[in-house]
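Coordinate inspection notes
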Amino acid sequence: MIENKSEFGGKMAHDILSVDRLKQLTNLSIETLESLLKSPDISSQQKAEIAFKILEMVGVSPENFKPSSISPSTNGFSKPTQPSPKTEPVPAPDYQSVIQTESLFLPADHVFIENFLSPEENQKILEIALSKSDQFVGSTTTTQAVNYRQSSILYATLFPDFYNLMRNKLLQTCPEICPKLNHKPFNVSQVEMQLTAHNDGCFYKIHNDSGSEKTYTRVITYVYYFHQEPKQFSGGELRLYETELKAGSAISHNNYKTIEPRNNSIVFFDSRCKHEVMPVCCPSRKFEDGRFTLNGWLRREDN
């Protein structure tokens, strides 16, 4: 009996050691993954591959994760894999990430509406932009990438009345936009908005709007265009790319659609789609002659 107890005790010690070691490796993997995800020098595809490798090192597969209801990598539109009811799931890691393994293709669908605001409202937002030219600040990206975006923005807190007007208009329009973009209706938790100015040489390279931990609840992107008449700039078109979502990354295809920045028009599209703003040419370089937008995102509830 003593020998059996000793053997049993030794087995328990070995099992405890294995569990502790697994926890150490899991914590190290999570730290490594988090640091790599913040690096602008690593592509989304590479990040996904690195994540798989780290998980393989600790003997854990994504199928065994206890999924959260919504995660950044699925953007809330695909269901995470459920653990088998006969298998005790491994506790979910703190960063709550579920890798999307099935490919999802997003065509460059969009909804374009002309004369979105009344002529008076269109003129009013132009007046706001020009009167607050000294309050615009340089734009940035969530990855802090260098030479990836050039423009200036005015925060919505500096035009609260017009923000509320535009917000109400967007919320009224959302129900008719969703089916045209093959989206199910959703509860809009937040309407993000900023006023953006593009002048000579400004641009925004290819990106999507919902690819980070801070932005994954963005569902629909909107861009409302306005400028002085007659138009004093050229370029500044929006290129919307066919996009494939796979293994936590968004891959742009060669096919794209081009949207012209027409005064008093608005475009809506899926925030997961890759897109870019082509360079603007404004010979006068005067602020008032540039390309202006009210742009932002309709966010869903973070369940």
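A short tour of the structure in this document, coming up. Given the structure is predicted, the values throughout are model-derived calculations rather than measurements. (Residues numbered from 1 in each chain as written. Predicted model: local features only at pLDDT ≥ 70, side-chain atom pairs only at ≥ 80, totals over all residues. Heavy atoms only, no water.)

In space, the 7 strands of this open sheet follow the order β2-β12-β8-β15-β6-β5-β3, with antiparallel pairing throughout. Of all strands in the sheet, those bounded by a partner on one side alone are β2 (110–114) and β3 (137–138). For β3 and strand β5 (residues 152–155), the ladder comprises 2 bridges, and the chain directions are antiparallel. Bridge pairing in β5 links Val137 to Ile153. Running at roughly 85° to strand β8 (residues 218–226), helix α3 (residues 119–131) makes contact with β6 (188–198), β8 and β15 (291–300) of the sheet. (Pairing = 2+ DSSP bridges. Helix = DSSP H or I, 4+ residues; strand = E, 2+ residues; numbered from the N terminus. Contact = heavy atoms within 4.5 Å. Axes fitted to C-alpha atoms, helices over the stretch in contact; angles between N-to-C directions.)

On to helix α4 (residues 160–180), then. A rise of 1.5 Å per residue sets the reference length of α4, with its 21 residues, at 30 Å; its end C-alpha atoms lie 30 Å apart and thus fit the reference within 8%. The largest bend in α4 is about 45°, located at Cys174, with the proline Pro175 one to four residues further on. Buried residues of α4: Phe162, Tyr163, Met166, Leu170, Thr173, Cys174, Ile177 and Cys178, and no others. Tucked inside the fold, the buried residues of α4 contact β2, α3, β6, β8, β12 (265–270) and β15. (Expected span 1.5 Å × (residues − 1). Bend = angle between axes of the 7 residues up to and from the residue. Buried < 20%, exposed > 50% of the residue type's maximum accessible area, 1.4 Å probe, protein only.)

Turning our eyes to something else, we now look at unusual backbone geometry. For the peptide bond that leads from Glu229 to Pro230, omega is 0°, which places it in the cis range. For Pro230, the location among the structural elements is in the loop between β8 and β9 (234–235). Non-glycine residue Asn115 carries a positive phi angle of around 50°. Residue placement: Asn115 occurs in the loop between β2 and α3.

Turning to the environment of Ile220, a few remarks are in order. By the element assignment, Ile220 lies in strand β8. With 49 residues separating them along the chain, Ile220 and Phe269 place their C-alpha atoms 5.7 Å apart. Residue contacts for Ile220: discarding those within four places in its chain leaves Ile177, Cys178, Leu181, His183, Phe186, Phe268, Phe269, Ser271, Gly296, Trp297 and Leu298.

Right, let's talk about the pattern of salt bridges for a bit. Counted by the stated rule, this structure contains 5 salt bridges. The closest approach of N and O atoms between Asp200 and Arg285, which form a salt bridge, is 3.1 Å. Residue Asp200 is found in the loop between β6 and β7 (203–207), and its partner Arg285 is found in the loop between β14 (280–281) and β15; the two are separated by 85 residues along the sequence. For Asp200, a relative accessible area of 26% corresponds to the partly exposed category. Given a relative accessible area of 63%, Arg285 falls into the exposed group. Across the salt bridge formed by Asp270 and Arg272, the nearest N and O atoms sit 2.9 Å from each other. On the basis of relative accessible area, Arg272 is assigned to the buried category, the value being 5%. When salt bridges that share partners are traced, they join Glu192, Arg218 and Arg299 into one network. (Salt bridge = Lys/Arg side-chain N within 4 Å of Asp/Glu carboxyl O.)

A few words now on the nonpolar core. Phe159, Met166, Met193, Leu195, Phe268 and Leu294 are the most contacted members of the largest nonpolar core, which totals 34 residues. Elements that contribute at least two residues to this core include exactly α3, α4, β6, β8, β12 and β15. Considering each element in turn, this core owes the most residues, 7 residues, to α4. Setting aside chain neighbours within four positions, we find Phe268 in contact with Asp109, His110, Val111, Ile113, Phe116, Leu170, Thr173, Ile177, Leu181, Ile220, Thr221 and Tyr222. In terms of nonpolar packing, the next biggest core, distinct from the first, is built from 12 residues, Val223, Tyr225, Leu240 and Phe269 among them. (Core = buried A, V, L, I, M, F, W, Y, C linked by side-chain atoms within 4.5 Å.)

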